[in-house]
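What follows is the residue order along each chain.
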Amino acid sequence: CERAAADREQRHVLVLDELDRGDAARALGELVGALSERGQLVHLGRSGAPFQAPRNLYVIATARDLPRDPSLVGRFPVVTLGADRPIFSWPAGFA
């Protein structure tokens, strides 16, 4: 967030791989709320400190299964991608 806030002309991407492997809401904590209110000043619940998730920060998360926590699923768009089958098939003549 600090780099994105310091360089607002550039897009910054945070990639969270395998989001479903742990307790995502617990791991991300108050960042979830700040991301859903992107660009607005929010006060963090534990510390009361002001925080703003920059508009030029993009978050991409991967998961095998959709996290069941409604605080995550309901706030962010979800794109489902199927497997790219040609990658998993053997080349012609190779056995």
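Above this note sits the structure.
Since the model is a prediction, treat every value here as computed from it, not as a measurement.

A.B. asks: Tell me about the overall build of the protein, residues and numbers included.
C.D. replies: Regarding its fold elements, the protein presents five helices and four strands. Order of helices (α) and strands (β) in the protein, N terminus to C terminus: α-β-α-α-β-β-β-α-α. When each of the 95 residues of the protein is scored for burial, the buried share is 16%. The contacts in the protein between residues at least 6 apart in sequence include a share of 61% that link residues at least 24 apart. Here the protein has roughly 7800 Å² of accessible surface; of this, 52% comes from carbon and sulfur atoms.

A.B. asks: Any details on unusual backbone geometry? Residues and values, ideally.
C.D. replies: Non-glycine residue E18 carries a positive phi angle of around 55°. Position of E18 among the secondary structure elements: in the loop between β1 (12-16) and α2 (24-28). On the basis of relative accessibility, which here comes to 33%, the residue E18 falls in the partly exposed class.

A.B. asks: Give a description of the pattern of salt bridges that names residues and reports values.
C.D. replies: Applying the stated criterion across every chain, the model contains one salt bridge. Residue R21 pairs with E18 through a salt bridge whose shortest N-O separation is 2.8 Å. Residue R21 is classed as exposed on the basis of its relative accessible area, which comes to 66%.

A.B. asks: How would you summarise the layout of surface pockets if you had to cite specific residues and measurements?
C.D. replies: The space that makes up the largest pocket amounts to roughly 860 Å³. Along the walls of the largest pocket sit 24 residues, with I60, A61, P77, V78 and V79 positioned nearest its centre. Those elements that provide at least two residues to the lining of the largest pocket are β4 (57-61) and α4 (70-73). Looking at the lining of the largest pocket, its residues break down into 18 nonpolar, two polar and four charged.

A.B. asks: Describe the nonpolar core, listing the residues and the values that go with them.
C.D. replies: Residues A4, A34, L35, V42, A53 and L57 constitute the largest nonpolar core, which totals six residues. Contact partners of A34, with chain neighbours within four places excluded, come to V42, F51 and A53. Ranked by size, the runner-up nonpolar core spans five residues in total, among them L16, A24, V32 and L72.

Rules of the game
- Residues numbered from 1 in each chain as written.
- Predicted model: local features only at pLDDT ≥ 70, side-chain atom pairs only at ≥ 80, totals over all residues.
- Heavy atoms only, no water.
- Helix = DSSP H or I, 4+ residues; strand = E, 2+ residues; numbered from the N terminus.
- Buried < 20%, exposed > 50% of the residue type's maximum accessible area, 1.4 Å probe, protein only.
- Contact = heavy atoms within 4.5 Å.
- Areas by Shrake-Rupley, 256 points an atom, 1.4 Å probe, with all protein chains shown as cover.
- Salt bridge = Lys/Arg side-chain N within 4 Å of Asp/Glu carboxyl O.
- 1 Å grid on protein atoms, 1.4 Å probe; cavity = no way out; pocket = protein on both sides within 12 Å on 5 of 7 lines; lining within 4 Å.
- Points joined across faces, edges and corners; volume = space filled by probe spheres on them.
- Nonpolar A, V, L, I, M, F, W, Y, C, P; charged D, E, K, R; others polar.
- Core = buried A, V, L, I, M, F, W, Y, C linked by side-chain atoms within 4.5 Å.

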